[in-house]
Amino acid sequence: MSNSAGAAARRLKLLQLVPEPLPTFRADVATLFGKYLPRYGVDCHVVGSASAAPLGEHGFASARRPAHGGGRLQRELNFLRLCARSLFQARRGEYDVIQVRDMVSIGLLGSLAARLKGSRFAYWMSYPMCEGRIERARRELKAGGGLRFRFVLLKGLVEQFLLNRIVLPSADHIFVQSDAMLAKLASEGVPAHKMTPVPMGVDSDAVAARPQARRPEGWEERPLLAYLGTLDHSRDMNRVLDALQLVRRTVPDAVLLLIGDSPAPRDVPRLLEHAASLGLSEAVRITGWLPSAEAWSLLTSADAAISYIPRGTLYDVSSPTKLLEYLALQVPCVGNDNPDQQKVLSESGAGWLTESSPAALATAICAIFGDKTAARLRAQAGPAYIDAHRSYRVIAEQTAQSYFAICAPALAPAAAGKNS
């Protein structure tokens, strides 16, 4: 479907409920639904949670959020009320698709509202939230966590049951994060024809306007390895530090710039403690969260970039964004064998695909540092691959086709009447 053909035939109205605070900086919400999908005839009316930040300009057809303020429980109740009002006060037929992202309880309401309002119901799974909650609770309980984590575990188990028994079976369509997530759900009994993988992508417009490279002060001449993304404890970033220690046996002045932060206050100090234990205190810097332009300015100055994703049930179904950004920005990069990274690096030939051990990561990093000219030449294949396969322009066109296909039975009578 071309841009003009999709928009001319019929524009679809999508009501999407997301757990993220608005404004959101998640590209698969703000960029895909707010910027690119409208170009292909899909207009998104989004409902999100509260934020103290101004809503500002956005590309959504409309954006609603509850008032910010009060305690956590009050904010959650306000969000629940807003979701319920948005779902059940909508006129019958007002929205072609009602979609809920990563929220099981709201998914139950969304499924019911879609049936009452004559809309299609879609569920968007960006992450196995239930499994993540269960795994975290069990880990904390094993470490001596108290009653709170028993409630977290109970919530995870109940929501997992509801998701598998009610929400997913009742959905007209399910959007998943990756081919690996589709395969996992299919193995658990979800019909494959009801699912569409929508991996993460890159905003090609933003890449075209990327800022000039800027080296970290004092590290202008040192071999620089960069990482862009969350430093959450679950990402096992100690493994990247272990790899750096091995790299410095061959390249003694190599340094690591971690562009990111963690939502948990204790994660960054714990990471720096591990760096100190390895004798890397002067070789590791953490920037905290930065605006995209500033982060990319530092990233493009690096000699190499690393995307390490822990292997296992939770992250094997992920679609890492950082590797795509490295490729789009033509930064020589190393990625471990997460299924989506394996696909991207194998198809593009633009980076180094390794096993997940620190030794394997270090070998690839040393190869880049050892011949930076050849590494830059290899990285030149990245932008064309991203533009053809993982730009949000391409992803939006494919996703729009899925929405029109979901609504095809409802659209058919209107089309027949128009042609008669």
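As a starting point, this report considers the structure included with it.

Thresholds, definitions, all that
Residues numbered from 1 in each chain as written. Predicted model: local features only at pLDDT ≥ 70, side-chain atom pairs only at ≥ 80, totals over all residues. Heavy atoms only, no water. Helix = DSSP H or I, 4+ residues; strand = E, 2+ residues; numbered from the N terminus. Rg over C-alpha atoms; globule rule 2.2 N^0.38 Å. Buried < 20%, exposed > 50% of the residue type's maximum accessible area, 1.4 Å probe, protein only. Contact = heavy atoms within 4.5 Å. Areas by Shrake-Rupley, 256 points an atom, 1.4 Å probe, with all protein chains shown as cover. Lys, Arg positive; Asp, Glu negative; His and termini not counted. Charge placed at Lys NZ, Arg CZ, Asp CG, Glu CD. Expected span 1.5 Å × (residues − 1). Pairing = 2+ DSSP bridges. Axes fitted to C-alpha atoms, helices over the stretch in contact; angles between N-to-C directions. Phe/Tyr/Trp six-rings, centres within 6.5 Å; stacked < 30°, edge-to-face > 60°. Lys NZ or Arg CZ within 6 Å of the ring centre and 35° of its normal. Parallel < 35°, antiparallel > 145°, perpendicular 65-115°, else oblique. Left-handed = near helix turned anticlockwise from the far one by under 90°. Nonpolar A, V, L, I, M, F, W, Y, C, P; charged D, E, K, R; others polar. Polar contact = N/O pair within 3.5 Å; in protein donor to acceptor, adjacent residues only side chain to side chain.

Brief notes about the overall build of the protein
Line of reasoning, step 1. Of regular secondary structure, the protein possesses 18 helices and 13 strands.
Line of reasoning, step 2. By the compact-globule yardstick of 22 Å for 420 residues, the protein fits well, its C-alpha radius of gyration being 23 Å.
Line of reasoning, step 3. With 420 residues in all, the protein has 52% of them scored as buried.
Line of reasoning, step 4. Sequence-distant contacts in the protein: of pairs separated by 6 or more residues, those separated by 24 or more amount to 71%.
Line of reasoning, step 5. Put simply, the protein shows about 18,500 Å² of open surface, and 55% of that area lies on carbon and sulfur atoms.
Line of reasoning, step 6. Of the charged side chains in the protein, 49 are positive and 39 negative; the average position of the first set lies 7 Å away from that of the second.

Some remarks on helix H6 (residues 147-170)
Line of reasoning, step 1. Counted at 1.5 Å a residue, the expected span for H6 with its 24 residues is 34 Å, and the 33 Å between its end C-alpha atoms agrees.
Line of reasoning, step 2. By the burial criterion, the buried members of H6 are Phe-149, Val-152, Leu-153, Gly-156, Glu-159, Leu-163, Val-167, Leu-168 and Ser-170.
Line of reasoning, step 3. Looking at the buried positions of H6, the neighbouring elements they touch are helix H4 (104-117), strand E5 (120-125), helix H5 (129-142), strand E6 (173-176) and helix H7 (179-187).

With respect to the sheet that holds strand E13 (residues 352-354)
What links the strands of a sheet is backbone hydrogen bonding, and the strands pair in either a parallel or an antiparallel sense.
Line of reasoning, step 1. The six strands lie next to each other as E10-E9-E8-E11-E12-E13, forming an open sheet whose pairing is parallel. With one partner strand each, in any of the chains shown, strand E10 (284-286) and E13 form the two edges of the open sheet. Here the average twist between neighbouring strands, direction ignored, is 20 degrees.
Line of reasoning, step 2. Two strands pair when backbone bridges link them, and strand E9 (residues 255-259) and E10 are joined in this way by three bridges, in the parallel orientation. By the bridge assignment, Leu-257 is partnered in E10 with Arg-285.

A look at the packing of aromatic side chains
Line of reasoning, step 1. As enumerated under the stated definition, the model contains five aromatic pairs in all.
Line of reasoning, step 2. Here the aromatic rings of Phe-33 and Trp-124 are separated by 5.3 Å at their centres, their planes lie at 70 degrees, and the arrangement is edge-to-face. One end of the pair, Phe-33, is in helix H2 (residues 27-36); the other, Trp-124, is in strand E5, and 91 residues separate them in sequence. Of the two residues examined, Phe-33 and Trp-124, each falls in the buried class.
Line of reasoning, step 3. Relative to Phe-175, the ring of Trp-124 has its centre 5.1 Å away and its plane inclined at 25 degrees; by these criteria the two rings are stacked. With Trp-124 in strand E5 and Phe-175 in strand E6, this pair connects stretches of sequence that are 51 residues apart.
Line of reasoning, step 4. Residue classification places Trp-124 among the buried residues on the basis of a relative accessible area of 1%.
Line of reasoning, step 5. Judged by relative accessible area, Phe-175 falls into the buried class, the value being 0%.
Line of reasoning, step 6. Counting every residue linked through ring pairs, the aromatic cluster contains Phe-33, Trp-124, Phe-175 and Tyr-403.
Line of reasoning, step 7. The aromatic ring of Trp-219 is capped on one face by Arg-285, whose charged end is 4.1 Å from the ring centroid.

Some words on the packing of H5 against H6
Line of reasoning, step 1. Running from N to C, H5 and H6 point in directions that differ by 155 degrees, and their axes come no closer than 8 Å. For the element pair H5 / H6, the angle class is roughly antiparallel. Helix-helix and strand crossings are classified by hand; for H5 and H6 the assignment is left-handed. Packed against H5, whose contacting residues are Cys-130, Glu-131, Arg-133, Ile-134, Arg-136, Ala-137, Arg-138, Glu-140 and Leu-141, the element H6 presents Arg-148, Phe-149, Arg-150, Val-152, Leu-153, Lys-155, Gly-156, Leu-157, Glu-159, Gln-160 and Leu-163 at the interface.
Line of reasoning, step 2. A breakdown of the residues in the contact of H5 with H6 according to their chemical character gives nine nonpolar, two polar and nine charged.

Section: the environment of Arg-92
Line of reasoning, step 1. Among the secondary structure elements, Arg-92 is positioned in the loop between helix H3 (72-88) and strand E4 (97-101).
Line of reasoning, step 2. Put simply, Arg-92 and Leu-116 are 24 residues apart on the chain and 7.5 Å apart in space, counted from C-alpha to C-alpha.
Line of reasoning, step 3. Sequence-distant contacts of Arg-92, that is, excluding residues within four places in its chain, are made with Arg-115, Leu-116, Lys-117 and Gly-118.
Line of reasoning, step 4. Polar contacts involving the side chain of Arg-92 include one to the main-chain carbonyl oxygen of Leu-116, which spans 2.6 Å.

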